[in-house]
Amino acid sequence: MPLVHMADMLYHAYENRYAVGAFDVVSLDFISGVMAAAEEKHAPVIISLAESHFEYFDFELLMAAVVRAAERSTIPVAIHLDHGQSIESAVRAVNLGCTGIMVDASNSPLDENIAQTRAVVNMAHACGIPVEGELGYVPGVEGEDAERHPGDIQYTTVDEARRYIDETSADFLAVSIGTVHGRMKGEPKLDIERLAQINQALKLPLVIHGGTGLSVGQYKGLIDNGVTKINYYTALSDAAGRRIKGNVESEANSNYTSHTHGVAEAVQHEAARCIDIWGCTGRAGSLLQSCRPRLPVEHVIFFNTDKLDAAALDDMMSEGRRVLGNIPGVQRVFTGHAVTENSSYRHCWVVRFTACPVIDSYRAHPAHQQFADNRFRPYAGDRLSIDFEECRMQK
Ligand SMILES: [Zn+2]
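Residues numbered from 1 in each chain as written. Predicted model: local features only at pLDDT ≥ 70, side-chain atom pairs only at ≥ 80, totals over all residues. Heavy atoms only, no water.

**Quick word on the side chain of Asn225**
- On the secondary structure map, Asn225 appears in the loop between helix H8 (216–224) and strand S10 (227–232).
- Overall, the relative accessible area of 16% leaves Asn225 in the buried class. (Helix = DSSP H or I, 4+ residues; strand = E, 2+ residues; numbered from the N terminus. Buried < 20%, exposed > 50% of the residue type's maximum accessible area, 1.4 Å probe, protein only.)

In structure tokens, the structure reads:
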């Protein structure tokens, strides 16, 4: 039972005072390394894919690998879109299998940040998916991620945080209390007092961006004051880079596989170190007992038609795959014809939803209503429709 509700995961961490690592992955080596670390430590884990990194990898291809890694794991996993830039990318992420979405509008004025977050929350909640918002601004200082986060730090304030959560219904809040994206310069100074006040005011899971480079005591201070998700990338990337550099310097062979050998292990080692420090080691078992699994739903329609010839039928189905496939929460649209001649129903749709709530939001979606009313139902009088939730997997 690998994919779980991210809200269940983070509230378990909130109540039991530990933090789950949200490790940003940029390659298969990162996915393998992070998953191996979580399995080794019996720890829940969040695999995170940052929109600001999309130039490094093909999001759709890497998501397929992440989803598969989650499915075959024995520990609880959530898949998160990190720094989502728009409602369109949030929908795409949900439909490719993300189970949590972060809205990155923290560099906009508060009203705009609230409006953008609210739009993503409406969409994601209708798909049963929680949203992380950010208030205040976590800048970049040094390292490869720094230039992606230009500008000065803006600390999160308690009053704005209260208003932001009230008006957006975001599930988790990323706060700016002194961390930076990329590497710190000098000794990091964290405003723990501010964090404590935000935690008192909101009482919901808090998130830290720029988790690299803090001391064990600082991590403890964060976790004691409501931080349940720590975004972590720079140190993983540095560990992977050091490994490659060492390979290049020591290997006689000059080829891709000898240069990248051992990268997954380097990532695993660093992720495992953090999982220990953040108190996440050994939490998988009790978390799995207390949280709901994420179970997909197959919306199945069998139908016959005597009003469309084969070409018109294929035309309608191909339009349906395109139109319905873009509705939030739709992961896949399969259309098919019966293989045997004497089947009671000759044609089918199988539409995969991320989870049960999509049954209603899909039905009410204007694109679905228009397609069903104008292109499908008038031609398919004889039809049967059933929604199936996946059987709970016993591991
Ligand atoms: Zn970030």
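We are not done yet, so read on.
**A word on the environment of Ser169**
- With respect to the helices and strands, Ser169 occurs in the loop between helix H6 (158–168) and strand S7 (172–175).
- Along the sequence, Ser169 and Ala338 sit 169 residues apart, while their C-alpha atoms lie 45 Å from each other.
- Apart from the residues within four sequence positions on either side, Ser169 is in contact with Arg118, Val121, His125 and Tyr164.
- Of note is the side chain of Ser169, whose polar atom sits 3.2 Å from the side chain of Arg118. (Contact = heavy atoms within 4.5 Å. Polar contact = N/O pair within 3.5 Å; in protein donor to acceptor, adjacent residues only side chain to side chain.)

**Topic: the coordination of the zinc ion**
- Here the zinc ion is held by His83 (NE2), His181 (NE2) and His209 (ND1), and the distances to it run 2.0 to 2.1 Å.
- Donor residues binding the zinc ion come from one chain and are separated in sequence as H-x97-H-x27-H. Highlighted residues: His83 in strand S3 (residues 77–84) and His181 in strand S8 (residues 181–182), separated in sequence by 98 residues. Here His83 matches His181 in class, with each residue buried. (Donors = N, O, S within 2.8 Å, 3.2 Å for Na, K, Ca; no water.)

**Overview of the packing of helix H13 (residues 310–325) against helix H15 (residues 366–376)**
- Remark: H13 packs on H15, axes separated minimally by 10 Å, with the N-to-C direction vectors making an angle of 175°. Considering their axes alone, H13 and H15 lie roughly antiparallel with respect to each other. In this structure, H13 contributes Asp315, Met316, Glu319, Gly320, Val323 and Leu324 to the contact, and H15 contributes Ala367, His368, Phe371, Arg375 and Phe376.
- For the contact of H13 with H15, the class distribution of residues is six nonpolar, two polar and three charged. (Axes fitted to C-alpha atoms, helices over the stretch in contact; angles between N-to-C directions. Parallel < 35°, antiparallel > 145°, perpendicular 65-115°, else oblique. Nonpolar A, V, L, I, M, F, W, Y, C, P; charged D, E, K, R; others polar.)

**Let's talk about the sheet that holds strand S12 (residues 330–337)**
- With antiparallel pairing, four strands are arranged side by side in an open sheet as S12-S13-S11-S14. The sheet is open, and its two edges are formed by S12 and strand S14 (382–389), each paired on a single side. If you compare each strand with its neighbour and ignore which way they point, the axes differ by 15° on average.
- In this structure, strand S11 (residues 297–304) lies alongside S14, joined through eight bridges in antiparallel fashion. Bridging from a neighbouring strand, Ile301 pairs with Ser385 of S14.
- Against the sheet, H13 touches S11, S12 and strand S13 (347–353), its axis set at about 170° to S12. (Pairing = 2+ DSSP bridges.)

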